[in-house]
Amino acid sequence: MKTHLPSTTQLSSGVHVVPRFRARTHFRAAADVAVTLLFPRRCPVCDEPVKPWNALICKECEPKLTYVKPPRCLKCGKHIGSSEKEYCDDCAARPHVFDSGRALFSYRSVSASIARFKYRGRREYAACYAAFMQEGLGPFIRACRAEALVPVPLHKSKLKRRGYNQAQVLAEELSVRTGIPMRADLIERVKKTTPMKDLSAAERQNNLKKAFKIRRNDVKLSIIIIIDDIYTTGSTIDAMSREFKKAGVERIYFITLAGGRGI
């Protein structure tokens, strides 16, 4: 799938935004133009000032992004080799707490970009990421009928060190484009977990035991979409989903920017 993104101003024109958010979106567009003129936006692929100046990604960089293509696992959305299969090997081997989800890009095509987004302060990438997610995952997002977008929280020590939560920044941009409220006040990470990248699936599950805690006595939501940057084994999404289901949330979906290293 190849997505052609219009300019920053066009993306914020309200074409795909719920009407009540239109005024806020127009104001945001004007502010974006002013900021972009003073501080040129960087392309999430090459990290150079984007060309043309009012775009979200360099035209020549867009084809370098690789999408997760169908047939997809009905549970986690990973690409599966045969259309005769319903689930990937991971989801067939162990049950998940979440209902289903989708990743947009192959991890390999955006790994360097995500690393800059998370660790080098490139928060500006979120605008482009969210635009692609709305375009590529729009049908799935609409079908979920979610009442809130919930970013995966960071532990307070990591948040202090990094300065921002990349999942929340992404969820905020996606909220503007979809009109679905972003709720970062519902759940917190109370356990400082070990970095997940080098852990096995079983180690990830153990690492996340009692890692999350619902912050409100009454969540009052039936359907949510959890937002994160990468889906690998689903352990983090499951750990959050377990707490939300205890709190009465009936259906839990997820969307991520990229699928894990094996995708």
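Below you will find a few notes about this structure. (Residues numbered from 1 in each chain as written. Predicted model: local features only at pLDDT ≥ 70, side-chain atom pairs only at ≥ 80, totals over all residues. Heavy atoms only, no water.)

Two elements in contact, helix α5 (residues 125–144) and helix α7 (residues 166–178), have axes separated by 9 Å at closest approach and are oriented at 60°. Comparing their axes, α7 and α5 come out oblique. The hand of the α5/α7 crossing is right-handed. Listed contacts from α7 to A126, A127, Y129, A130, A131, M133, Q134 and I141 of α5 are V169, L170, E173, L174 and R177. Here the residues of the contact of α5 with α7 sort into ten nonpolar, one polar and two charged. (Axes fitted to C-alpha atoms, helices over the stretch in contact; angles between N-to-C directions. Helix = DSSP H or I, 4+ residues; strand = E, 2+ residues; numbered from the N terminus. Parallel < 35°, antiparallel > 145°, perpendicular 65-115°, else oblique. Left-handed = near helix turned anticlockwise from the far one by under 90°. Contact = heavy atoms within 4.5 Å. Nonpolar A, V, L, I, M, F, W, Y, C, P; charged D, E, K, R; others polar.)

Looking now at α7. In this model, α7 (13 residues) spans 18 Å end to end at C-alpha, consistent with the 18 Å of a helix rising 1.5 Å per residue. Counted residue by residue, α7 has eleven buried out of 13 residues, so it is predominantly covered. Among the residues of α7, Q166, A167, V169, L170, A171, E173, L174, S175, V176, R177 and T178 are the ones counted as buried. Between the side-chain oxygen of the N-cap and the backbone nitrogen of A167 there are 3.0 Å, and the N-cap of α7 in question is N165. The positive-phi residue at the C-terminal boundary of α7 is G179, with phi of around 85°. (Expected span 1.5 Å × (residues − 1). Buried < 20%, exposed > 50% of the residue type's maximum accessible area, 1.4 Å probe, protein only. Polar contact = N/O pair within 3.5 Å; in protein donor to acceptor, adjacent residues only side chain to side chain.)

Attention now moves to the environment of C46. You can see C46 is positioned in the loop between α2 (22–38) and α3 (89–93). Judged by its relative accessible area of 31%, C46 is partly exposed. Along the chain, C46 and A112 lie 66 residues apart, while their C-alpha atoms are 9.4 Å from each other. With residues up to four places along the chain from it excluded, the contact list for C46 reads C58, C61 and R116.

Turning to the sheet that holds strand β5 (residues 223–231), a few remarks are in order. Spatially, the four strands line up as an open sheet ordered β1-β6-β5-β2, and their pairing is parallel. Every other strand in the sheet has two partners, leaving β1 (100–105) and β2 (148–151) as the edge strands with one partner each. Across the sheet, the mean angle separating the axes of adjacent strands is 25° when strand polarity is ignored. Summarising the sheet, β1 and strand β6 (residues 251–259) pair through five bridges and their orientation is parallel. Within β6, the residue paired with F105 across the bridge is A258. Sitting on the sheet, helix α4 (residues 107–119) is in contact with β1, β5 and β6, with an inclination near 95° to β6. Strands β2, β5 and β6 of the sheet are contacted by helix α9 (residues 235–246), whose axis makes an angle of about 165° with β5. (Pairing = 2+ DSSP bridges.)

These results come straight from atomic positions and should not be treated as a statement about function.
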